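The residues making up each chain are set out below.
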Amino acid sequence: MEQNKENREIEIDLGKIFYKMRNKFIYILIITVIAGLGCGLITQFAIKPSYSATTKMYVYSNTDRISTDSSITSVELDASQELINTYIYILKSDTVLEAVIEDLDLDISTSELKKAIDANQAEKTVAFEVTVTTKNPSLSAKIANSIAKVAPAEIVRVVKAGGVEIIDYAKEPKKPSSPNLKKNVALALFIAFVL
């Protein structure tokens, strides 16, 4: 009985809130639309877009396998997966990045270039991806492809085990990777409506 009374009180309170909001609905709608338009204009005209280009690489641990028709063993796969983090670490080293800067005749520091690079292992594989994000789509692709050209030899020189093969070279992105206009506007509309 007491529980029904509490539910009824809650319903009455919510009813009053919605009744009061009904009178202010036009203002809520206007504020929501203004926030969405404002966010859309800022995203479209004030934020410079970024472009991401990705190159994909395959890691192998046994160099003998390249010259023979032997199949890959699970031990080799495990060893290759263990090598990926080491390879990514070397790939982001000053030695590799300086070689990329020299290859492309870039006017940036290794620390600036390192910030533009993201490298991750493809889940449950012996492959990894290197993604380069800059404000210029052509530059992103050139840097990613220069890394693909320079890194394998440097990785083998340092580790002296296994190697890297290129699966895919980076293509020049046609669309920006950020900002996401639709996502930003939808988020602005939601937040403005809730507030």
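Attention in this report is confined to the structure presented alongside it. (Residues numbered from 1 in each chain as written. Predicted model: local features only at pLDDT ≥ 70, side-chain atom pairs only at ≥ 80, totals over all residues. Heavy atoms only, no water.)

When you go through the chain residue by residue, the secondary structure sums to 8 helices and 4 strands. Order of helices (α) and strands (β) in the chain, N terminus to C terminus: α-α-β-α-α-α-α-β-β-α-β-α. Across the 195 residues of the chain, 31% fall into the buried class. Considering only contacts within the chain whose residues lie at least 6 apart along the sequence, 74% involve residues at least 24 apart. When the accessible area of the chain is evaluated, it comes to approximately 13400 Å², of which 57% is carbon and sulfur surface. (Helix = DSSP H or I, 4+ residues; strand = E, 2+ residues; numbered from the N terminus. Buried < 20%, exposed > 50% of the residue type's maximum accessible area, 1.4 Å probe, protein only. Contact = heavy atoms within 4.5 Å. Areas by Shrake-Rupley, 256 points an atom, 1.4 Å probe, with all protein chains shown as cover.)

Look at helix 2 (residues 25–46): 31 Å from first C-alpha to last across 22 residues, which is about the 32 Å you get at 1.5 Å a residue. Burial in helix 2 covers these residues: Ile28, Thr32, Gly36, Cys39, Gly40 and Thr43. With its buried residues spanning 100 degrees around the axis, helix 2 presents them on a single face. Of the exposed residues in helix 2, those oriented more than 90 degrees away from the buried face are Tyr27, Ile31, Ile34, Leu37, Leu41, Phe45 and Ala46. (Expected span 1.5 Å × (residues − 1). Arc of directions from axis to C-beta.)

Looking now at the nonpolar core. Formed by 31 residues in total, the largest nonpolar core has its most connected members in Met57, Leu91, Ile117, Phe128, Val130 and Ile147. Elements with a minimum of two residues in this core: strand 1 (51–60), helix 4 (74–91), helix 5 (94–104), helix 6 (110–116), strand 2 (117–121), strand 3 (127–134) and helix 7 (137–159). Considering each element in turn, this core owes the most residues, 8 residues, to helix 7. Among residues more than four places away in sequence, those in contact with Leu91 are Met57, Val96, Leu97, Ile117, Phe128, Val130, Ile147 and Ala151. (Core = buried A, V, L, I, M, F, W, Y, C linked by side-chain atoms within 4.5 Å.)

With that settled, consider a negative patch on the surface. Residues Asp94, Glu98, Glu102, Asp105, Asp107 and Glu112 make up a contiguous surface patch of negative charge. The element best represented in the negative patch is helix 5, accounting for 3 residues. Summarising the element assignment, Asp94 is placed in helix 5. (Patch = residues over 30% accessible without salt bridge, like charges linked within 9 Å, V, L, I, M, F, W, Y side chains within 5 Å. Salt bridge = Lys/Arg side-chain N within 4 Å of Asp/Glu carboxyl O. Lys, Arg positive; Asp, Glu negative; His and termini not counted. Charge placed at Lys NZ, Arg CZ, Asp CG, Glu CD.)

The volume enclosed by the largest pocket comes to roughly 170 Å³. Lining the largest pocket, in full, are Leu106, Asp107, Ile108, Glu112, Leu113, Lys115, Ala116, Thr133, Thr134, Leu139 and Ile143. For the lining of the largest pocket, the secondary structure elements donating two or more residues are helix 6, strand 3 and helix 7. The biggest single contributor to the lining of the largest pocket is helix 6, with 4 residues. Per-class residue counts for the lining of the largest pocket are 6 nonpolar, 2 polar and 3 charged. (1 Å grid on protein atoms, 1.4 Å probe; cavity = no way out; pocket = protein on both sides within 12 Å on 5 of 7 lines; lining within 4 Å. Points joined across faces, edges and corners; volume = space filled by probe spheres on them. Nonpolar A, V, L, I, M, F, W, Y, C, P; charged D, E, K, R; others polar.)

In the contact formed by helix 5 and helix 7, the axes pass within 9 Å of each other and the chain directions differ by 135 degrees. On the basis of their axis angle, the class for helix 5 and helix 7 is oblique. Crossing hand, helix 5 versus helix 7: right-handed. Contacts between helix 5 and helix 7 involve Thr95, Val96, Ala99, Val100, Asp103 and Leu104 from the first element and Lys142, Ile143, Ser146, Ile147, Lys149, Val150, Ala151, Glu154 and Arg157 from the second. Counted by class, the contact of helix 5 with helix 7 contains 8 nonpolar, 2 polar and 5 charged residues. (Axes fitted to C-alpha atoms, helices over the stretch in contact; angles between N-to-C directions. Parallel < 35°, antiparallel > 145°, perpendicular 65-115°, else oblique. Left-handed = near helix turned anticlockwise from the far one by under 90°.)

The strand order across the open sheet built from 4 strands is 2-3-1-4, with neighbouring strands paired in antiparallel fashion. The two strands at the open ends of the sheet, each matched to only one other strand, are strand 2 and strand 4 (163–168). The mean inter-strand angle of the sheet, taken between neighbouring strand axes irrespective of direction, is 30 degrees. Pairing between strand 1 and strand 3: 8 bridges, direction antiparallel. Looking at the pairing, Lys56 lines up with Glu129 of strand 3. (Pairing = 2+ DSSP bridges.)

One non-glycine residue, Asp105, adopts positive backbone phi at about 55 degrees. Mapping Asp105 onto the fold places it in the loop between helix 5 and helix 6. Its relative accessible area of 69% is what places Asp105 among the exposed residues.

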